[in-house]
Amino acid sequence: MNGIGGHDQAEEAESKQDSSDHADDGNEQEVIVIQDTGFTVKIQAPGIEPFDLQVSPQEMVQEIHQVLMDREDTCHRTCFSLQLDGNVLDNFAELKSIEGLQEGSLLKVVEEPYTVREARIHVRHIRDLLKSLDPSDAYNGVDCNSLSFLSVFTDGDLGDSGKRKKKGSELEQIDCTPPEHILPGSKERPLMPLQPQNKDWKPLQCLKVLTMSGWNPPPGNRKMHGDLMYLYVVTVEDRHVSITASTRGYYLNQSTTYTFNPKPANPSFLSHSLVELLIQISPAFKRNFTALQKKRVQRHPFERIATPFQVYSWTAPQMDHTMDCVRAEDAYTSRLGYEEHIPGQTREWNEELQTTRELPRKNLPERLLRERAIFKVHSDFAAAATRGAMAVIDGNVMAINPGEETRMQMFIWNNIFFSLGFDVRDHYRELGGDAAAHAAPTNDLNGVRAYSAVDVEGLYTLGTVVVDYRGYRVTAQSIIPGILEREQEQSVIYGSIDFGKTVVSHPKYLELLEKTSRPLKVQRHAVLNEKDVAVELYSSVECKGIIGNDSRHYILDLLRTFPPDLNFLPVEGEELSVESQKQGYPRQHRHRLACLRQELIEAFVEHRYLLFMKMAALQLMQQKANKDEHSAGKEADETIPGLAQAKELAETLAAEDGSDPKSREVVFNACKAVGSISNNSFDIRFNPDIFSPGVRFPEASAEDIRKQQQLLKDAAAFLVSCQIPSLVNHTALPMDGATLTEALHQRGINVRYLGSVLEFVDKMPAKVQLDHFYRIGITELITRCAKHIFKTYLQGVELSALSAAVSHFLNCFLSSYPDAVAHLPADELVSRKKNRKRRNRVPGAGDNTAWANLTPSELWKSIGTEAHGYYHFTLQCESVDQAVEKYGLQKITLLREISVKAGIQILIKEYNFDSRHKPAFTEEDILNIFPVVKHVNPKASDAFHFFQSGQAKVQQGFLKEGCELINEALNLFNNVYGAMHVEICACLRLLARLNYIMGDHPEALSNQQKAVLMSERVLGIEHPNTIQEYMHLALYCFANGQLSTALKLLYRARYLMLLVCGEDHPEMALLDSNIGLVLHGVMEYDLSLRFLENALSINSKYHGPRSLKVALSHHLVARVYESKAEFRSALQHEKEGYTIYKNQVGEAHEKTKESSEYLKYLTQQAVALQRTMNEIYKNGSNASIVPLKFTAPSMASVLEQLNIINGIIFIPLSQKDLETLKVEVQRRQQLQDSGKSQAQQEGIALAPDDKLPVDD
């Protein structure tokens, strides 16, 4: 057991302790030197047999502590030291630095006396053990817990269950019939199956109550007897006991609820651990605690490790609320940082964030250490900022300017500064007031993200988190030392505090920002200050530079890091380019802060670079052609330069060093043509201050400014004329709003263009083939409009009416019930008599009940107005039912999208949206409101490079090298991120795929299982990525002979996909082909046909009736008909397929030949069958019948087809290659186990389509 599970927990707990002093915490043990081998030590703990534990030299002693606190037989101990030959080991020492510690050493676990802190840690640990299988923390979204349901479908761990089942009897046991709602064509979309009942969660009750006693804290005279605190416990047998935690351990005292008597009871059962005490007084505790720990250690470690950032679930069952001492204590001691590790201190967030940036980064181990520290602090900061922002909105934090009206208030909590997204003091009046104030924080966050990614030494940004909660936007920032004591005017030494009226600059800032200007494509420019003096800048004017009291150079207010988007910024007297005007731009936007995305800038520059190369190449060709006139005519035509020549050319130009005047002229012309700022090399940059109101430029630079304006117009035109078409024509398939947004962002298209994208799709000739895209786009547009309205709607609701208001809004949005009436909460606290009086009060007189007047028709009218105003798109629907009818939407999908976007958590049950007699939601159905959090995602740069080179190698066919690189990447990812992260998920999927290709099916299964668990935990149980992972896992299960599990997984994937985007989606064809094939393999022919024929019709719709995918679909259907001996239908389908192959790839192609062979075979079978039938008709019962060969398809043939449809290509490897690879993998495995065995890593993968997720 001490393998993975233990270490993962060790990892997690150790990182928690890293809080304030991680810089000198000796974390180097994380940097794995691959060659370092582990060794084994013996551990002797009181009351159990000594056992062996494998450790690695870089581990810290503390990690052995964590392993022991996680092991089944020692998990109840927290307060102990480890001793070697009577010497106590230092917790933070690395094992290799301890004298005399070697293979076979005996470490003794020695119980130590408790302190108040140790006693608290002990109680918290026991509570965590008791709750270890209880999912309520995941539903409530606390402590980075999240849900995972994979084990429900695989019956526990895949590897083992595969070995338990006997292969032979597998076929008979399978019940393949899916529930009705999963079958093709079913219209019901139930919600309950989203969270199947996990039998492990039937909680084993060990205690009824464990809580702090009311007699705390101990009075002075008892303190001097060693009393640390008192606990109150009710056992399952209903025995009420009072327990003293003393320096020596835990014992029963004689207090009761109302009388205090701290003397030990008789017997007192003094025990060093609370568990040992409870085992003696409660038989039920003993029985259930043991069973619970057995179950706990059997779970896959990935089901219980904390995720780096909190994931919230939008549905939850009704949970019983139980007494929980720790949760109650947390709520009242406002646990700021990790108080239990550093009591009484709040964390200096700014200092932590900046010192981690200053760590050295010269070599790989240093960079790993630095990135790990940065990532850790960021995830802690995001968690603290989220808790603080919620506390601010819930009214639990005192403002620093309590006298001002609420929207102007600012807050400080736990060394984090919080401000609300409203336009206070008319700061943004020129730019769009509150709308601008709402957009500024996210723009600023994008700026922070960009500058932290460039990572220039000596330039600092603030920790920034943007939280949307209960209709308010809160910005949380770390605090620059000394800024609160000074006026802003004095402290800003670079930039402007009034949008450019007064501007200052500073040489040090210019020097630092110059380093960022190339990667961020920012142009150096001069602006005029109030005295008409030109001031040099390397950023937009409102980017401010402040030197903190810690002498660090900070930049803040980065909301204009990227240049303005002229399509949404009408400027008097300026014309946009033709492409933009054709599309109806410029358009009026809510605010004037619309910026282009960094991805667009990159794409535009890349596009210009190709143009530059081509132009230079053409000119050179012409020069060359002019030199040798005679062959000119012929050559010029033939050699329109391709990329290869362009690259070659660039090299020759660089080599010539501009000495040849001819080539210098060529470069000069090309530079001029593409708008480069330099005349002798390609360099495109933008001036972010162009068209900013209030910014004035010196006369001298008028010509430059005109060029820069033109460049911006070109970029805006590039977005509409190149990027939008390329998005729509690209095959990346969004499945829901989040993946659609990601696809837009990857191409640098802002979501405000959604209306234009949909119009573009609508006008396309092949619109039918983009139905799914259009439908997802409309769903996204409607739910975003509803979210905008919901935001302002919530701001007017007081806390006591929150659930009523949210349910009323959802009824107006989704229920067919025409007159949804808000149930103003009958005040539970007002007696009947008074109530009569209250009724006559005028509504709205001081009551915040305006929200109750919303009606469905009004809401949908507002949604239409919002769609027109914000997205410039005309919705043709005035009610939810019209929207469903007109655009083919699903109400359950709309519900999921709005809940996820607005942070609503609803009760999981079946909702009747279509009833016209009663509303779908009641206030009891709204369980919670969660924050929606945006933050920076620090990256593991080295790991990422390894991953990319691994992918490249694999694509070139060098599997072994690719495999090694990807294993290395996995190793480094684990080092930086810990065990759970989206990028590790992508890595594991790729490894699994490569294991599979190389024929190592069990290994593929193990890696893919981790990928699925991780995707469920870090992205969500119904995220499109999770659906894909389920499909891959099903394939590997099938290859491992676990057919029933493969089916269950495919059915789960299909259910999730129906919920997320409905049946009409190109991916559904792939899923249904998979299901159909597996069913064919288990001889469920009729069921199989339903799925395969559905896949055929979806493929025909989305890929056109003549595509190769459709031909393959026809072939799969034909095979099933053959198995059913319905040869006529089989022939019909195979002929269709044959015709497609013949037309698409020609007669000679192997596919066409295969199809033609199969047709011959089918014809023979059909003829034979007919003969037999005739024979029977003629001779009756004594006919001599030749038995016909009806074959169930072999598993191998089914698997072959599965591989084809899932795009898996096998690369033949010699046996020798496989052997050497296996040996290598095993060697790493052992090292891995001995070191940080976080995620085992072996094998390699081939999947051109596996990309790491991009930050949106």
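Residues numbered from 1 in each chain as written. Predicted model: local features only at pLDDT ≥ 70, side-chain atom pairs only at ≥ 80, totals over all residues. Heavy atoms only, no water.

An unreviewed UniProt entry lists the protein under the name Clustered mitochondria protein homolog, with Electrophorus electricus given as the organism. Looking at the Function (unreviewed entry) heading of the UniProt record, one finds this comment for the protein: "mRNA-binding protein involved in proper cytoplasmic distribution of mitochondria. Specifically binds mRNAs of nuclear-encoded mitochondrial proteins in the cytoplasm and regulates transport or translation of these transcripts close to mitochondria, playing a role in mitochondrial biogenesis." (UniProt positions renumbered as here; feature names shortened; annotations may be inferred.)

Caption draft 1: Region of interest: the overall build of the protein. Helices and strands together make up the secondary structure of the protein, namely 43 helices and 23 strands. Buried residues in the protein amount to 57% of all 1256 residues. Accessible surface computed for the protein: about 54,700 Å², of which carbon and sulfur atoms make up 53%. (Helix = DSSP H or I, 4+ residues; strand = E, 2+ residues; numbered from the N terminus. Buried < 20%, exposed > 50% of the residue type's maximum accessible area, 1.4 Å probe, protein only. Areas by Shrake-Rupley, 256 points an atom, 1.4 Å probe, with all protein chains shown as cover.)

Caption draft 2: Focus on the nonpolar core. Core analysis: the largest hydrophobic core is formed by 273 residues, its most contacted members being Ile782, Phe813, Ile863 and Leu875. A total of 14 residues in this core trace back to one element, the largest contributor, which is helix α36 (residues 1043-1061). Sequence-distant contacts of phenylalanine 813, defined by excluding residues within four places in its chain, comprise Ile782, Thr783, Ala786, Leu859, Trp860, Ile863, Val880, Leu894 and Ile898. Listed in part, the 29 residues of the second largest apolar core include Ile126, Val233, Ile243 and Tyr250. (Core = buried A, V, L, I, M, F, W, Y, C linked by side-chain atoms within 4.5 Å. Contact = heavy atoms within 4.5 Å.)

Caption draft 3: The arrangement of helix α35 (residues 1024-1039) in detail. Taking 1.5 Å as the rise per residue, α35 with 16 residues should run 22 Å; its terminal C-alpha atoms sit 24 Å apart, in good agreement. Most of α35 is tucked away: 15 of the 16 residues are buried. Positive backbone phi, approximately 80°, marks glycine 1041, located one or two places after α35. (Expected span 1.5 Å × (residues − 1).)

Caption draft 4: Examining the pattern of salt bridges more closely. Summed over all chains, the structure comprises 66 salt bridges. Here arginine 71 and aspartate 73 are joined by a salt bridge, their closest N and O atoms 3.0 Å apart. One salt bridge connects aspartate 128 with arginine 127, and the closest N-O pair in it is separated by 2.9 Å. By relative accessible area, which is 38% here, aspartate 128 ends up partly exposed. One network of salt bridges, with partners in common, ties together Asp736, Glu780, Arg784, Arg896, Glu897, Lys901 and Glu1022. (Salt bridge = Lys/Arg side-chain N within 4 Å of Asp/Glu carboxyl O.)

Caption draft 5: Helix α37 (residues 1066-1081), seen in detail. Here α37 spans 24 Å end to end across 16 residues, near enough to the 22 Å set by a 1.5 Å rise per residue. Burial runs high along α37: 15 of the 16 residues are buried. A positive phi of about 65° marks methionine 1083, the residue just after α37.

Caption draft 6: Summary view of the sheet that holds strand β20 (residues 553-556). Across the sheet, which stays open at both edges, the four strands sit in the order β13-β20-β19-β16 with mixed pairing between neighbours. Sheet topology places β13 (459-460) and β16 (492-494) at the edges, where each strand pairs with a single neighbour. Sheet topology note: the β16/strand β19 (residues 544-547) ladder contains two bridges and is antiparallel. The partner of valine 492 across the bridge, within β19, is isoleucine 546. On the sheet, helix α16 (residues 507-520) packs against β13, β16, β19 and β20 and is oriented at approximately 65° with respect to β20. (Pairing = 2+ DSSP bridges. Axes fitted to C-alpha atoms, helices over the stretch in contact; angles between N-to-C directions.)

Caption draft 7: Highlighting the sheet that holds strand β21 (residues 904-907). If you walk across this open sheet you meet the three strands as β10-β21-β22, and the pairing is mixed. At either margin of the open sheet sits one strand with a lone partner, and together these are β10 (315-316) and β22 (926-929). Here β10 pairs with β21 via two bridges, running parallel. The partner of alanine 316 across the bridge, within β21, is leucine 907. Running at roughly 105° to β22, helix α26 (residues 802-814) makes contact with β21 and β22 of the sheet.

Caption draft 8: Spotlight on unusual backbone geometry. With an omega dihedral of -15°, the bond running from asparagine 216 to proline 217 counts as a cis peptide bond. Mapped onto the elements, proline 217 comes out in the loop between β6 (207-212) and α8 (220-223). With an omega dihedral of 0°, the bond running from tyrosine 585 to proline 586 counts as a cis peptide bond. Looking at where proline 586 falls in the secondary structure, it is placed in the loop between α17 (578-582) and α18 (598-627). A positive phi angle is found at aspartate 557, which is not glycine, with a value near 55°. With a relative accessible area of 22%, aspartate 557 lands in the partly exposed category.

Caption draft 9: Layout of the packing of aromatic side chains. Taken as a whole and judged by the stated rule, the model has 35 aromatic pairs. Both rings, one in phenylalanine 790 and one in phenylalanine 809, keep their centres 4.7 Å apart while their planes meet at 50°; by these two values the pair is tilted. Of the two residues, phenylalanine 790 is situated in helix α25 (residues 771-795) and phenylalanine 809 in helix α26; the sequence distance between them amounts to 19 residues. With 6.2 Å between their ring centres and 25° between their planes, tyrosine 1158 and tyrosine 1161 make a pair best called stacked. A residue pair is termed a helical-turn pair when its members lie 3 or 4 positions apart in one helix, as tyrosine 1158 and tyrosine 1161 do in helix α41 (residues 1150-1179) at three residues. (Phe/Tyr/Trp six-rings, centres within 6.5 Å; stacked < 30°, edge-to-face > 60°.)

Caption draft 10: A nonpolar patch on the surface, seen in detail. Taken together, Met1173, Ile1176 and Tyr1177 make up a surface patch of nonpolar side chains, about 320 Å² in accessible area. Tracing the sequence through the fold places isoleucine 1176 in helix α41. (Patch = residues over 30% accessible without salt bridge, like charges linked within 9 Å, V, L, I, M, F, W, Y side chains within 5 Å.)

Caption draft 11: Quick peek at the packing of helix α39 (residues 1108-1123) against helix α42 (residues 1195-1205). Remark: α39 packs on α42, axes separated minimally by 12 Å, with the N-to-C direction vectors making an angle of 160°. Considered as vectors, α39 and α42 are oriented roughly antiparallel to each other. Where α39 crosses over α42, the handedness of that crossing is left-handed. In this structure, α39 uses Leu1112, His1115, Leu1116 and Arg1119 to contact α42, whose residues at the interface are Ser1197, Val1198, Gln1201, Ile1204 and Ile1205. Of the residues belonging to the contact of α39 with α42, the class tally is five nonpolar, three polar and one charged. (Parallel < 35°, antiparallel > 145°, perpendicular 65-115°, else oblique. Left-handed = near helix turned anticlockwise from the far one by under 90°. Nonpolar A, V, L, I, M, F, W, Y, C, P; charged D, E, K, R; others polar.)

Caption draft 12: Just the confidence of the model for the protein, in detail. Residues with a pLDDT of 70 or more make up 84% of the protein, whose mean pLDDT is 84. Within the model, the stretch residues 334-344 combines pLDDT values under 50 with 29 contacts to residues more than four positions away or in other chains. (pLDDT = per-residue confidence, 0-100.)

Caption draft 13: Here's a closer look at the pairing of strand β12 (residues 416-420). Counted residue by residue, β12 has five buried out of five residues, so it is predominantly covered. Of the two faces of β12, the one lined by Ile416, Phe418 and Leu420 and the one lined by Phe417 and Ser419 are each fully buried. When strand β11 (residues 410-413) meets β12, the two strands line up antiparallel, connected through four bridges. Note on β12: the bridge partner recorded for phenylalanine 411 is phenylalanine 418. The turn linking β11 back onto β12 is made up of two residues, and asparagine 414 within it adopts a positive phi angle of 55°. The pairing of β12 with strand β15 (residues 472-478) spans five bridges and is antiparallel. If you follow isoleucine 416 over to β15, its bridge partner there is serine 478.

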